Amino acid sequence: MNISLLDVIGPVMIGPSSSHTAGAAKLAKTAMTIAGRPFSKVLFGLGGSFASTYKGHFTDRALVAGALGMDEDDEHLGESFEIAAQRGLQFEFYEAEIVSEYENTARITFCFDDGSEYFVEGASLGGGRIL
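Note that the structure is a prediction, hence the values are computed from the model and not measured.

The next point concerns the nonpolar core. Counting residues in hydrophobic clusters, the biggest one holds 28 residues, and the most contacted among them are Val42, Phe44, Ile108 and Phe110. Going through the elements one at a time, helix H2 (18-35), strand E1 (41-47), helix H3 (48-53), helix H4 (59-67), helix H5 (80-87) and strand E3 (104-111) are the ones with two or more residues in this core. In terms of residue count, H2 provides more of this core than any other element does, 6 residues in total. Ignoring any residue separated from it by four or fewer positions in sequence, one finds Phe44 in contact with Ala28, Leu63, Val64, Ala67, Phe91, Glu92, Phe93, Tyr94, Arg107 and Ile108.

Turning to H4, a few remarks are in order. Note that an α-helix has 3.6 residues per turn; residues three or four places apart therefore point the same way. Counted residue by residue, H4 has 9 buried out of 9 residues, so it is predominantly covered. Among the residues of H4, Thr59, Asp60, Arg61, Ala62, Leu63, Val64, Ala65, Gly66 and Ala67 are the ones counted as buried. Within two residues after H4, Gly69 carries a phi angle of roughly 95°, on the positive side.

Turning our attention to the pattern of salt bridges. The tally for this structure, following the rule as stated, stands at 6 salt bridges. Glu72 is paired through a salt bridge with Lys26; the nearest N and O atoms lie 3.8 Å apart. In this pair, Glu72 is assigned in the loop between H4 and H5 and Lys26 in helix H2, connecting sequence segments 46 residues apart. Close ionic contact of Glu82 with Arg61 constitutes a salt bridge, the shortest N to O distance being 3.4 Å.

Here we come to the environment of Ala22. You can see Ala22 is positioned in helix H2. Taking the C-alpha atoms as reference, Ala22 lies 7.8 Å from Gly127; in sequence the two are 105 residues apart.

Right, let's get into the sheet that holds strand E2 (residues 90-95). Strand order in the open sheet formed by 5 strands is E2-E1-E3-E4-E5, with mixed pairing between adjacent strands. Of all the strands in the sheet, just E2 and strand E5 (129-130) have a single pairing partner and so form its edges. Pairing of strand E4 (residues 117-126) with E5 involves 2 bridges; the strand directions are antiparallel. Bridge pairing in E5 places Gly126 opposite Arg129. Packed onto the sheet, H4 meets E1, E2 and E3 and runs at close to 140° relative to E1.

In this section: a nonpolar patch on the surface. A cluster of nonpolar side chains, namely Tyr102, Leu125 and Leu131, defines an oily patch on the protein surface of about 260 Å² accessible area. Residue classification places Tyr102 among the partly exposed residues on the basis of a relative accessible area of 32%.

Each value, and the rule that gives it
- Residues numbered from 1 in each chain as written.
- Predicted model: local features only at pLDDT ≥ 70, side-chain atom pairs only at ≥ 80, totals over all residues.
- Heavy atoms only, no water.
- Core = buried A, V, L, I, M, F, W, Y, C linked by side-chain atoms within 4.5 Å.
- Buried < 20%, exposed > 50% of the residue type's maximum accessible area, 1.4 Å probe, protein only.
- Helix = DSSP H or I, 4+ residues; strand = E, 2+ residues; numbered from the N terminus.
- Contact = heavy atoms within 4.5 Å.
- Salt bridge = Lys/Arg side-chain N within 4 Å of Asp/Glu carboxyl O.
- Pairing = 2+ DSSP bridges.
- Axes fitted to C-alpha atoms, helices over the stretch in contact; angles between N-to-C directions.
- Patch = residues over 30% accessible without salt bridge, like charges linked within 9 Å, V, L, I, M, F, W, Y side chains within 5 Å.
- Areas by Shrake-Rupley, 256 points an atom, 1.4 Å probe, with all protein chains shown as cover.

The values are spatial; any link to function lies outside them.
So this is what it looks like as structure tokens:
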């Protein structure tokens, strides 16, 4: 069995959770990169345990931070709501039914100024890893 140090101690991150915080930030940042152009609003559909624990585990702030382009170890991750407001980025969270074998899932929808939308679905697998 191959086990890395990351599997034992986890990623470098702002906590409290490698799956709910680090993975969420990485998932939103990756989705933002895939969307590929500026957006004015982002909707976060939360499935599985993300939907029930997102406020307590900082998942909400981590998702917004990732959409802003912040890494999971950015010291300003906890200020993401305020930074989004300063940049004029609107965001909303809602509970979503996402068919997945993974518990921590999100549907991230980017809303563009021309009225079009683009969404990315993904999951946080733990240890800061995403799918």
